[in-house]
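# Structure at a glance
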Amino acid sequence: MLEIRDLHATVEGTEILKGINLTINPGEVHAIMGPNGAGKSTLSSVLAGRDGYEVTQGTITFEGQDLLEMEVEDRARAGMLMGFQYPVEIPGVKNIYLLKSALNAQREARGEEEIPSPEFMKLVKEKLEFMRMDTSFLQRAVNEGFSGGEKKRNEILQMLVLQPKLALLDEIDSGLDIDAMKTVSHGVNSLRSENRSILLVTHYQRILNHIEPDQVHVLIDGRIARSGDKQLALRVEDEGYEWIHQESAA
Amino acid sequence: MATEEMEQLVQREYKQGFVTDIESDTVPPGLDESVIAFISHKKGEPQWMLDWRLEAFHQWQTMKAPSWAHLDYPPIDYQAISYYSAPKKPEDGPQSLDEVDPKLLETYEKLGIPLHEQAALAGVAVDAVFDSVSVTTTFKETLAEAGVIFCSISEAIRDYPELVQAYLGSVVPRGDNFFAALNSAVFTDGSFVYVPEGVECPMELSTYFRINAANTGQFERTLIVCDKRAQVSYLEGCTAPQRDENQLHAAVVELVALEDAYIKYSTVQNWYPGDEDGKGGIYNFVTKRGDCRGDRSKICWTQVETGSAITWKYPSCMLRGNDSVGEFYSVAVTNGRQQADTGTKMIHIGKNTRSTIVSKGIAAGRSNQSYRGLVKMTPRATGSRNFTQCDSLLIGDQCGAHTFPYQEIGNSKSTVEHEATTSKIGDDQLFYCQSRGISEEDAVNMIVNGFCKDVFQELPMEFAVEAEALLGVTLEGSVG
């Protein structure tokens with residue numbers, strides 16, 4: 001699904017990622033943890049294709065394609081979708097409109113017809129219910145005046161409608177109370193399938209109590225310092241990152 | 001021969017030329033009383049109309065072109081302009097669509113304009129412009145039944161002189177400003193609407209239908225009168241880019257709303273903006289004013305401005321009647337080298353009058369635009385309210401947006417609210433949409449349309465749909 005090889009990236013001339021290697025197979029859920037400044041958000045941004053991040057070395061392959069050569073919109077159309085930590089507000093643009101445009105852009109890329117409106121409404125309503133969101137939400141402007149929890153739920157809603165092959169979730173748990181966390185996790189878990197992979201980038205372990213990862217990677221100073229199963233995440237929660245730092249330095 | 005004599009001779013020949021040329025279709029460049037007499041004669045106007053024009057001309061001669069607008073253009077030589085030319089003969093125009101600028105046709109295509117209309121818009125000689133003769137007949141019958149008068153201003157001067165005399169110049173006086181005075185002296189055509197007492201006009205009136213007004217865009221004069229309790233919705237212009245040989249346009253629009261009357265005036269203006277360097281674009285200097293003369297009357301201006309090289313335009317409302325309402329909703333889009341200085345004036349005179357201003361400016365490319373608005377509360381206008389919201393959106397970093405709000409508050413029992421924002425089209429917003437698989441161009445479109453939503457929802461339905469498509473075409477290639 002996703003293959004990252006020796007990835008180096010700089011931001012404004014400073015090297016942040018210093019040789020990342022990561023393989024995600026279909027059906028797997030991976031979590032990337034790490035202290036502040038380790039390069040988590042840089043990794044997310046490089047994967048999403050945000051401007052201002054320069055890849056100086058290494059490769060990223062998504063479904064056999066060179067991801068770094070793909071435009072932002074083409075990444076999404078190929079099935080890689082990013083759930084943002086801070087989704088931006090777009091005044092005047094209704095949620096339903098964004099959702100439909102996004103879905104139709106993907107369908108067009110796959111050579112499919114536009115989705116008929118009744119079918120689309122049925123799909124969206126079903127997913128809204130799943131995310132415990134009111135239908136009035138569709139008529140609101142994208143993320144405008146949304147609470148932190150609503151924004152995150154909206155990101156997951158988009159995932160449920162767009163059904164990506166690879167879902168990237170950047171700090172999806174930040175700013176969530178326990179109820180919202182449960183709803184969001186419920187949504188993410190429903191995405192789990194044999195053919196779909198999920199990459200969670202998170203600062204805290206607690207989301208992993210709700211979304212159980214197959215593999216956990218600890219990112220320190222631009223490199224994956226340690227990989228393991230969810231026991232690794234639990235140990236990080238108890239002991240922090242210092243021990244990994246010391247072990248890898250030793 | 002001395003230079004002086006030569007000049008006199010040239011002058012004389014010119015005047016003679018005019019006299020002998022009375023049957024011809026075009027006057028030579030220049031403006032004097034004889035040219036005005038020629039126009040009036042051509043139109044078969046009564047003496048009072050000619051006198052009115054001449055009076056306007058005399059006022060114009062004492063006036064100077066305004067220089068306060070935030071616009072930059074070379075001085076206009078008013079003596080180098082021809083003030084009358086009969087509609088073009090078919091053989092002068094392109095003979096088929098093959099001879100028309102392919103870029104223009106491409107735009108028509110994108111806007112979904114039918115082929116026969118494309119031909120008409122591009123100035124191709126076609127026998128039946130818009131195959132709408134039957135439509136025209138039907139709508140004329142419907143209007144006649146309701147007692148609504150809808151005709152060209154020239155016809156109105158001939159057929160309804162008492163109405164025209166009562167209202168022409170009563171909202172925009174002849175000497176109101178430089179361009180209005182010029183228009184009053186030399187206007188060649190435009191529309192006239194009269195909706196009688198208690199009548200709700202049974203259909204939306206559109207210049208689009210009144211196709212005989214082709215080629216009168218240069219100095220257009222429009223007068224709309226709504227009698228007591230009458231209502232009308234008027235649509236001006238169309239979304240297709242219109243070309244015109246005349247670079248200078250100076251239109252005047254006057255609206256009169258008597259007691260409990262309601263006039264909704266919607267414009268989509270898309271004159272040729274010139275080439276990439278701004279060459280050949282239309283200079284559009286327009287005076288539009290509505291007079292809420294009666295109590296509880298209402299006038300609503302909605303405009304979508306995307307064309308012209310230069311736009312100078314401030315549709316305004318005189319809120320004279322008590323409890324009268326004025327509204328102004330505007331979207332102005334500039335790209336390339338376009339310049340627009342546009343806004344509104346809300347003059348509160350009656351008690352408990354209300355006005356709303358919503359202005360959305362979008363600047364892209366190397367364009368420049370300004371919102372200029374005046375809200376005036378006279379001492380008598382107690383209990384009055386204004387709400388102004390003006391937002392600017394910048395695309396790229398070579399364009400400019402400016403806001404010049406003026407407020408004159410003459411009493412302490414009125415409320416004036418003003419909100420303004422300027423934002424750059426967010427890279428973050430674009431990125432967000434793109435990360436959902438939406439192309440950059442569609443994303444810009446989506447964001448801009450979202451920005452303009454408050455105004456578009458004021459437009460009549462079919463205009464709103466066209467306006468959205470138009471915005472997309474206008475801003476094409478403005479990002480990246």
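Every value quoted in this text rests on a predicted model; they were computed, and no experiment measured them.

### Some words on the overall build of chain B
For chain B, the count of helices and strands is 12 helices and 19 strands. By residue count, 57% of the 480 residues in chain B fall in the buried class. Excluding contacts between residues fewer than 6 apart, the proportion of contacts in chain B whose partners are at least 24 apart in sequence is 84%. Carbon and sulfur atoms form 49% of the exposed surface of chain B, whose accessible area is close to 20200 Å².

### Here we look at the sheet that holds strand S17 (residues 385–394) of chain B
Adjacent strands of a sheet pair through backbone hydrogen bonds, lying either parallel or antiparallel. The strand order across the open sheet built from eight strands is S3-S5-S8-S10-S13-S15-S17-S19 (chain B), with neighbouring strands paired in parallel fashion. The open sheet terminates on both sides in strands that have one partner only, identified here as strand S3 (205–206) and strand S19 (415–424) of chain B.

### Quick look at the pattern of salt bridges
Residues and elements named next belong to chain A. Throughout the structure, instances matching the rule amount to 27 salt bridges over all chains. Between Glu112 and Arg107 there is a salt bridge, with its nearest N and O atoms 4.0 Å apart. Here Glu112 falls in the partly exposed class, since its relative accessible area comes to 36%. Owing to a relative accessible area of 15%, Arg107 belongs among the buried residues under this scheme.

### Things to note about the packing of aromatic side chains
Residue and element names in this part refer to chain B. Evaluated as defined, the whole model comprises 21 aromatic pairs over all chains. Here the aromatic rings of Phe150 and Tyr234 are separated by 6.2 Å at their centres, their planes lie at 90°, and the arrangement is edge-to-face. Of the two residues, Phe150 sits in strand S1 (residues 149–152) while Tyr234 sits in strand S5 (residues 231–236), which places them 84 residues apart along the sequence. Taken as a pair, Phe150 and Tyr234 share a single burial class, namely buried. Counting every residue linked through ring pairs, the aromatic cluster contains Phe57, Trp60, Trp68, Tyr73, Tyr78, Phe178, Phe179, Tyr283, Phe285, Trp312 and Tyr314. The positively charged end of Arg436 is found above the aromatic ring belonging to Tyr432, 4.8 Å away from the centroid.

### Regarding the sheet that holds strand S6 (residues 80–83) of chain A
All names here are of chain A. Pairing within the open sheet is mixed, and its six strands lie in the order S6-S9-S10-S3-S11-S12. Two strands lie at the open edges of the sheet, namely S6 and strand S12 (223–228), each paired on one side alone. In this sheet, neighbouring strand axes are inclined to one another by 20° on average, regardless of whether the strands run parallel or antiparallel. Examined bridge by bridge, strand S3 (residues 29–33) and strand S11 (residues 215–220) share four bridges and lie parallel to one another. Within S11, the residue paired with Ile32 across the bridge is His217. In the packing of helix H5 (residues 148–162) onto the sheet, contacts are made with S6 and strand S9 (166–170), and the angle to S6 comes to roughly 165°.

### Looking at the interface of chain B and chain A
Each partner contributes residues to the interface: chain B has 17 residues there, and chain A has 29 residues. Regarding the contact of chain B and chain A, the summed buried area is about 1800 Å², with carbon and sulfur atoms giving 66% of it. Looking at the side of chain B facing chain A, the largest losses of area belong to B:Phe431, B:Tyr432 and B:Arg436, adding up to 42% of the total buried there. Ionic pairing is found between A:Arg50 and B:Asp428, a salt bridge with its closest N-O pair at 3.4 Å. Viewed at the interface, chain A and chain B are joined by 10 residue pairs in polar contact (both at pLDDT 80 or more). Sorting the residues of the side of chain B that touches chain A by element identifies helix H10 (427–434) and helix H11 (440–456) of chain B as the ones contributing at least two each. Across the side of chain B that touches chain A, the residue classes break down as seven nonpolar, six polar and four charged.

### Here's the deal with the pairing of S12(A)
Residue and element names in this part refer to chain A. Alignment of S11 against S12, held across five bridges, turns out to be antiparallel. For His217, the partnering residue across the bridge sits in S12 and is Ser227. What sits between the antiparallel neighbours S11 and S12 is a turn of two residues, in which Asp221 has the positive phi angle 50°.

### Points about helix H3 (residues 47–61) of chain B
Between its first and last C-alpha atoms H3(B) spans 21 Å; for 15 residues at 1.5 Å apiece the expected length is 21 Å, and the two agree. Buried residues along H3(B) sit against helix H2 (33–42), helix H7 (153–159), helix H9 (178–186) and strand S4 (221–226) of chain B.

### With respect to the confidence of the model for chain B
Residue and element names in this part refer to chain B. Confidence in the prediction of chain B, expressed as mean pLDDT, is 80, and 77% of residues score 70 or more. The model gives residues 5–24 a pLDDT under 50, and that stretch makes 17 contacts with residues more than four places away or in other chains. Note on residues 209–216: pLDDT is under 50 here. Beyond four places in sequence and across chains, it has 15 contacts.

### Things to note about the nonpolar core
Note that soluble globular proteins tend to have their nonpolar side chains buried in a common cluster. Grouped together as the largest cluster of nonpolar side chains are 115 residues, with contacts concentrated most on A:Ile4, A:Leu47, A:Leu200, B:Ile362 and B:Val448. Counting residues per element, this core draws most heavily on H11(B), which supplies nine residues. Beyond its immediate stretch of four places on either side in the chain, B:Ile362 contacts B:Val331, B:Ala332, B:Val333, B:Thr334, B:Gln369, B:Leu393, B:Ile395, B:Val448, B:Phe451, B:Cys452 and B:Leu475. B:Leu71, B:Val164, B:Phe178 and B:Leu258 belong to the second largest nonpolar core, which has 52 residues in total.

### Observations regarding the packing of helix H4 (residues 117–130) of chain A against H5(A)
Residue and element names in this part refer to chain A. Direction vectors running N to C along H4 and H5 enclose 140°, while the axes themselves pass 10 Å from each other. Relative to H5, the element H4 lies oblique. Classified by chirality, the crossing of H5 by H4 is right-handed. Here Leu123, Val124, Lys127, Leu128 and Phe130 of H4 lie close against H5, whose contacting residues are Leu157, Leu160 and Val161. Each residue belonging to the contact of H4 with H5 can be placed in one class, and the counts come to seven nonpolar, no polar and one charged.

Each value, and the rule that gives it
Residues numbered from 1 in each chain as written. Chains lettered and ligands numbered in written order. Predicted model: local features only at pLDDT ≥ 70, side-chain atom pairs only at ≥ 80, totals over all residues. Heavy atoms only, no water. Helix = DSSP H or I, 4+ residues; strand = E, 2+ residues; numbered from the N terminus. Buried < 20%, exposed > 50% of the residue type's maximum accessible area, 1.4 Å probe, protein only. Contact = heavy atoms within 4.5 Å. Areas by Shrake-Rupley, 256 points an atom, 1.4 Å probe, with all protein chains shown as cover. Pairing = 2+ DSSP bridges. Salt bridge = Lys/Arg side-chain N within 4 Å of Asp/Glu carboxyl O. Phe/Tyr/Trp six-rings, centres within 6.5 Å; stacked < 30°, edge-to-face > 60°. Lys NZ or Arg CZ within 6 Å of the ring centre and 35° of its normal. Axes fitted to C-alpha atoms, helices over the stretch in contact; angles between N-to-C directions. Buried area = accessible area lost by both parts, 1.4 Å probe. Polar contact = N/O pair within 3.5 Å; in protein donor to acceptor, adjacent residues only side chain to side chain. Nonpolar A, V, L, I, M, F, W, Y, C, P; charged D, E, K, R; others polar. Expected span 1.5 Å × (residues − 1). pLDDT = per-residue confidence, 0-100. Core = buried A, V, L, I, M, F, W, Y, C linked by side-chain atoms within 4.5 Å. Parallel < 35°, antiparallel > 145°, perpendicular 65-115°, else oblique. Left-handed = near helix turned anticlockwise from the far one by under 90°.

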